[in-house]
Amino acid sequence: MAYFMPVFNFFHWSEKHGRTLNDTGALVSVEIGIPSALKQHLSEKGLPIPAAVSGFALVDTGASATAVDDSVFTSLGIPHFDEIATGTPHGQGNSKVYPANITFPGMNVTDMPMERVIGCQLRWKTHEDQEIIMLMGRDLLQYFLFVYNGPSSDVTLFY
Amino acid sequence: MKADLLNNHEGKFALIRGEEFVGAYDSAQNAYTEGVKRFGCESFLVKRISEQEEVYRNQALALGLLHARL
């Protein structure tokens, strides 16, 4: 019996996008926006709704949960609603937990609600000036099919 | 408060404001939506009710290996 996974959208990343996969990791364009409940609240109060923050997500199959740079939440004005214990090089620490809506423009995935996103210090730029603002963990990857082709240095992400 | 919550609402998400327990919800999203309805942009807590605290594990981030040059 054959099983087929319905595939509606996919994102293909290859060497022509820049450095080799080994150097940069698997990157996907992402936009982080405020959660729908907060958007509705701001709208009802007649307050401005902050525009989503754009950047790149690094696919991280080693991470149990998705993490986003703290500064993104600060610029969006999203208050944290919980804290979680985290491991750091200096021992146990704490990270804030936020809600967010995630959009993947390259895959037509819009405003995917994320109940709990970890805030941490991770923002950096690749050699091609691509700014990494998110680590895409297994809580998000569970909805995707992810193909990492090392020898041909390309990645395909299906939703 | 934790013992009471564990007895009555284990596995759900608690919405807490200051010292006040507002309610228990099936998902963090439902608890958050109720929190925003009641408190707007002011701070409140949404916490999973469980015996053990969650721990976020990301060894590459913890060890600074995400963009290390070897």
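Residues numbered from 1 in each chain as written. Chains lettered and ligands numbered in written order. Predicted model: local features only at pLDDT ≥ 70, side-chain atom pairs only at ≥ 80, totals over all residues.

### Side note on the overall build of chain A
What counts is decided by this rule: Helix numbers and strand numbers start at the N terminus; a helix is a DSSP run of H or I with at least 4 residues, a strand a run of E with at least 2. Counting other C-beta atoms within 10 Å of its own, a residue is labelled buried from 20 upward, exposed at 12 or fewer, and partly exposed in the gap between, with every C-beta atom placed from the backbone.
Per the secondary structure count, chain A includes four helices and eleven strands. Counting across all 159 residues of chain A, residues that qualify as buried make up 35%.

### Side note on the confidence of the model for chain B
The condition that has to hold: As a per-residue measure, pLDDT tells how confident the predictor is, with possible values from 0 to 100.
On average, residues of chain B score 87 in pLDDT, and 86% of them are at 70 or above. Both confidence scores are given for the complex: pTM 0.86, ipTM 0.82.

### What to know about the interface of chain B and chain A
Spelled out, the test is: This entry defines residue contacts through backbone-placed C-beta atoms, with two residues in contact when those atoms are within 7 Å. Only Asp, Glu, Lys and Arg are considered charged, only Ala, Val, Leu, Ile, Met, Phe, Trp, Tyr, Cys and Pro nonpolar, and every remaining residue, Gly among them, polar.
Taken together, the contacts link 28 residues of chain B with 30 residues of chain A. Counting residues per element, the ones that place at least two in the side of chain B that touches chain A are α2 (28-39), β3 (45-48), β4 (55-56) and α3 (59-62) of chain B. Here the side of chain B that touches chain A gets six residues from one element, more than from any other, and that element is α2 of chain B. A class-by-class count of the residues in the side of chain B that touches chain A yields 14 nonpolar, ten polar and four charged.

### Considering the packing of helix α2 (residues 36-44) of chain A against α2 of chain B
To be explicit about the condition: Whenever a helix is involved, its axis is fitted only over the stretch in contact; in every case the axis is a line through C-alpha atoms, and angles between N-to-C directions fall within 0 to 180 degrees. Angular relationships are summarised with four words: roughly parallel below 35 degrees, roughly antiparallel beyond 145, roughly perpendicular across 65 to 115, and oblique for the angles in between. We call a crossing left-handed when the near helix sits turned anticlockwise from the far one by less than a right angle, and right-handed when that turn is clockwise.
It is the contact of α2 of chain A with α2 of chain B, at a shortest axis distance of 9 Å, that shows an interaxial angle of 15°. Relative to α2 of chain B, α2 of chain A is oriented roughly parallel. The interaxial crossing formed by α2 of chain A with α2 of chain B has right-handed handedness. Counted together, A37, L38 and H41 of chain A of α2 of chain A and Y32, T33 and V36 of chain B of α2 of chain B form the full contact between these two elements.

### Considering the nonpolar core
How we decide: Each nonpolar core comprises buried Ala, Val, Leu, Ile, Met, Phe, Trp, Tyr and Cys residues, the members being joined through C-beta atoms within 7 Å.
The biggest cluster of nonpolar side chains holds 50 residues, and the ones touching the most others in it are I32, A67, V68 and M134 of chain A. In this structure, A67 of chain A is in contact with V117, I118, C120, L122, M134, L135 and G137 of chain A together with N58 and L61 of chain B, ignoring residues within four places of it in sequence.

### Let's talk about the pairing of strand β2 (residues 20-25) of chain B
Residue and element names in this part refer to chain B. Selection criterion: Criterion used throughout: strands pair if DSSP finds at least two bridges between them.
With five bridges connecting them, strand β1 (residues 13-17) and β2 associate as antiparallel partners. Opposite R17, over in β2, you have E20 as the bridge partner. Linking two consecutive strands that pair antiparallel, namely β1 and β2, is a turn of two residues; a positive phi of about 60° is found at G18 within it.

### Quick word on the sheet that holds β1 of chain B
All names here are of chain B. Spatial ordering of the open sheet is given by β2-β1-β3, a layout of three strands whose pairing is antiparallel. Two strands in the sheet have a free side with no partner beyond their single neighbour: β2 and β3. Across the sheet, the axes of successive neighbouring strands diverge by a mean angle of 25°, strand direction being ignored. Two elements, β1 and β3, share four bridges in a ladder whose sense is antiparallel. Note that in β3 the partner of A14 across the bridge is K47. Lying on the sheet, α2 is in contact with β1, β2 and β3; it crosses β1 at an angle near 20°.

### Brief notes about the environment of I102 of chain A
Residues and elements named next belong to chain A. One can find I102 in strand β6 (residues 91-104). Here I102 falls in the buried class, since 22 other C-beta atoms lie within 10 Å of it. The residues touching I102, leaving out its near neighbours within four places in the chain, are V30, I32, M112 and M114.

### Here we look at the confidence of the model for chain A
Averaged over every residue, the pLDDT of chain A is 86; the share at 70 or more is 85%. The element-level mean pLDDT for chain A is lowest in strand β1 (residues 10-13) of chain A, coming to 68, with helix α3 (residues 70-76) of chain A highest at 96.

### Describing unusual backbone geometry
All names here are of chain A. Unusually for a residue other than glycine, N108 sits at a positive phi of about 55°. Even without glycine at this site, D111 takes up a positive phi of about 50°. Structurally, D111 can be placed in strand β7 (residues 109-120).

### Description of the environment of D129 of chain A
Turning to its location among the elements, D129 of chain A is positioned in the loop between β8 (124-125) and β9 (131-136). Through-space distance from the C-alpha of D129 of chain A to that of I49 of chain A is 28 Å; in sequence the pair is 80 residues apart.

### As for helix α1 (residues 2-9) of chain B
Of all eight residues that make up α1 of chain B, zero are buried, and the element is exposed over most of its length. Once α1 of chain B ends, the next one or two residues include G11 of chain B, with phi positive near 95°.

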